[in-house]
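As a plain string of letters, each chain reads:
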Amino acid sequence: MRILVLTSIYPQPDDDKTAGVTPVVHYFAKEWARQGHDVMVIHNANKFVLPLYLLPKKIRRKINSLFGIVYPEFRQRKPLFRTSENVKIARLPILKVIPQRDFFSFQVKNHLKLVIRVLHLYDFNPDVIIGHWETPQIQLLSLLKEIFHCKTALVFHGAFYIKQSGFMKRNARHLRNIDLIGARSKIEANLVRDILNLPYEPFVCYSGIPDEFIQEPFAVEDKNFSDDGLVEFLYVGRLIKRKNIGPIIEALSQVYGHNKFVLHIVGTGDCEAELKALAVQLKIEDRVIFHGLQPRHVVRNYMKKSQCFTMISSNEVFGLVYLEAMSQGCIVIASKGEGFDGIIVDGENGFLCEPGNSNQLASIYRRINSLSKEEKESISINAMKTAACFTDAKVAERYLDSVLSMSHTGK
């Protein structure tokens, strides 16, 4: 089967490694290719007006931190054609005149012509077209369907654009022309269904983890759980405002004071200096260790050693790192009411905390510390069992089955 993927964000070899480009779409694409499908990705990369590239890098990183904009480098204004893990990839930049605003219709039509030329160049006539993110994917999916008469599906990674004034009116026809709508979490699926007034429940497109992350039989001996409190804590991710890392440091200070514990922080971002200053202010700088950006296999080793992984982000659509930590037996604390709520059942395979609430987080740490060794181990094993249901192979197969099982009208 020939699968065409349209996406605004895709990892490229010339990315700024601190920009936080999510690899999730590539994980799906490479898994479909591994399963024998012919897969091509059109990366509809945003390029901005030239003056924005003249801003100092410090300011661009601040914008990235505050608004979640993946700010491309100037060199990424150029098209790029390559193959990675049997996935054909074409980066076709499209001018974003105003960041976080929709494209003009004439831009989308011109971009469509470019996409079609590239597909003809590769002699690629898709059987199914899948879009990730809202714009210009909504418009392109609709227009390409009219040309290739194939199934189409769109996966929302949030509802930012469809909440904007006038967006729905401008794109109502295109949305009706898409066979199937999905989202990256159950909560997002419900939100998108309500905004779009869909007559059906959007499918949920969960992320997956590599099969090698799952090691059976499940064992917890290396975690050194005891009847006493936890001592090894971990955060992995970008050091930006919405990730609420400061409240983690504050909560641990509340619970432990100067008693024995360590918090490993893996990642980089604009808030790093601020977080280091907070640790100094609380006089626990020797307990909060910053490791910077690390490759995936090193991150996995930190997860194997740590007893508790905490990330209480705001606006967290899914959070693949939660699954990775669960697969290594960490007791995970995730954001309540965000993308991972529903996968974690509070008190059974992890815990849920209001985003950024340091007092509630401190209470959860005390609650975990009050559990017996056997109870901690049970939660750890339940976490590993949950993660085992979400390997790359399993989620990619379920994802494609959700799309292909729909009738051509989709609704």
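**Student:** In this structure, what is going on with the packing of helix α4 (residues 105-121) against helix α5 (residues 137-148)? I would like to understand it.
**Tutor:** Packed helices, taken two at a time, are described by the angle their axes make and the gap between the axes. Running from N to C, α4 and α5 point in directions that differ by 50 degrees, and their axes come no closer than 10 Å. One finds that α4 runs oblique with respect to α5. Every pair of crossing elements has a handedness; the one defined by α4 and α5 is right-handed. Here V108, H111, L112, V115, I116 and L119 of α4 come into contact with α5, specifically with Q139, L140, L143, L144, I147 and F148. Here the contact of α4 with α5 is built from residues that sort into ten nonpolar, two polar and no charged.

**Student:** Sorry, what's going on with the environment of E274 here?
**Tutor:** Tracing the sequence through the fold places E274 in helix α9 (residues 272-281). Separated by 35 residues in sequence, E274 and L239 place their C-alpha atoms 9.7 Å apart.

**Student:** Explain helix α10 (residues 296-305) to me, please; I cannot follow it from the model alone.
**Tutor:** Residues that lie three or four places apart on an α-helix share one face, since the helix turns once every 3.6 residues. When α10 is considered as a whole, its buried residues turn out to be V299, R300, Y302 and M303. For α10, the angular spread of the buried residues around the axis is 160 degrees, confining them to a single face. With respect to the buried face of α10, the exposed residues turned more than 90 degrees away are H297 and K305. Taken together, the buried residues of α10 touch β11 (232-236), β12 (262-266), β13 (288-292) and α11 (320-327).

**Student:** What exactly am I supposed to notice about the environment of R2 here?
**Tutor:** By the element assignment, R2 lies in strand β1 (residues 2-7). For the pair R2 and W32, spaced 30 residues apart in sequence, the C-alpha to C-alpha distance is 9.9 Å. Each residue touching R2, except ones within four places of it in the same chain, is listed here: D38, F124, N125, P126, D127 and V128. At 3.0 Å, the side chain of R2 forms a polar contact with the backbone oxygen of N125.

**Student:** How should the side chain of E338 be read in this particular structure?
**Tutor:** Locating E338 in the fold gives a position in the loop between β15 (331-335) and β16 (351-353). Lacking a salt bridge, the buried E338 has R242 as its closest oppositely charged neighbour, with an N-O distance of 7.1 Å. Among the polar contacts listed, one links the side chain of E338 to the backbone nitrogen of N315, at a separation of 3.2 Å. When neighbours within four sequence positions are excluded, E338 is seen to be in contact with I187, S313, S314, N315, E316 and P355.

**Student:** Help me understand the pattern of salt bridges in this model?
**Tutor:** Opposite charge on two side chains makes pairing possible when the charged atoms of those side chains draw close. By the definition in use, this model includes 17 salt bridges. Measuring nitrogen to oxygen at the nearest pair gives 3.1 Å for the salt bridge that ties R2 to D127. Here the residue R2 occupies a position in strand β1, and D127 occupies one in the loop between α4 and β7 (128-132), the gap between them amounting to 125 residues. We classify D127 as partly exposed; its relative accessible area is 32%. Between E31 and R34 there is a salt bridge, and its shortest N-O distance comes to 2.6 Å. Here R34 and E31 lie together in helix α1 (residues 24-34), a separation of three residues that amounts to about one turn.

The rules behind these values
- Residues numbered from 1 in each chain as written.
- Predicted model: local features only at pLDDT ≥ 70, side-chain atom pairs only at ≥ 80, totals over all residues.
- Heavy atoms only, no water.
- Axes fitted to C-alpha atoms, helices over the stretch in contact; angles between N-to-C directions.
- Helix = DSSP H or I, 4+ residues; strand = E, 2+ residues; numbered from the N terminus.
- Parallel < 35°, antiparallel > 145°, perpendicular 65-115°, else oblique.
- Left-handed = near helix turned anticlockwise from the far one by under 90°.
- Contact = heavy atoms within 4.5 Å.
- Nonpolar A, V, L, I, M, F, W, Y, C, P; charged D, E, K, R; others polar.
- Buried < 20%, exposed > 50% of the residue type's maximum accessible area, 1.4 Å probe, protein only.
- Arc of directions from axis to C-beta.
- Polar contact = N/O pair within 3.5 Å; in protein donor to acceptor, adjacent residues only side chain to side chain.
- Lys, Arg positive; Asp, Glu negative; His and termini not counted.
- Salt bridge = Lys/Arg side-chain N within 4 Å of Asp/Glu carboxyl O.

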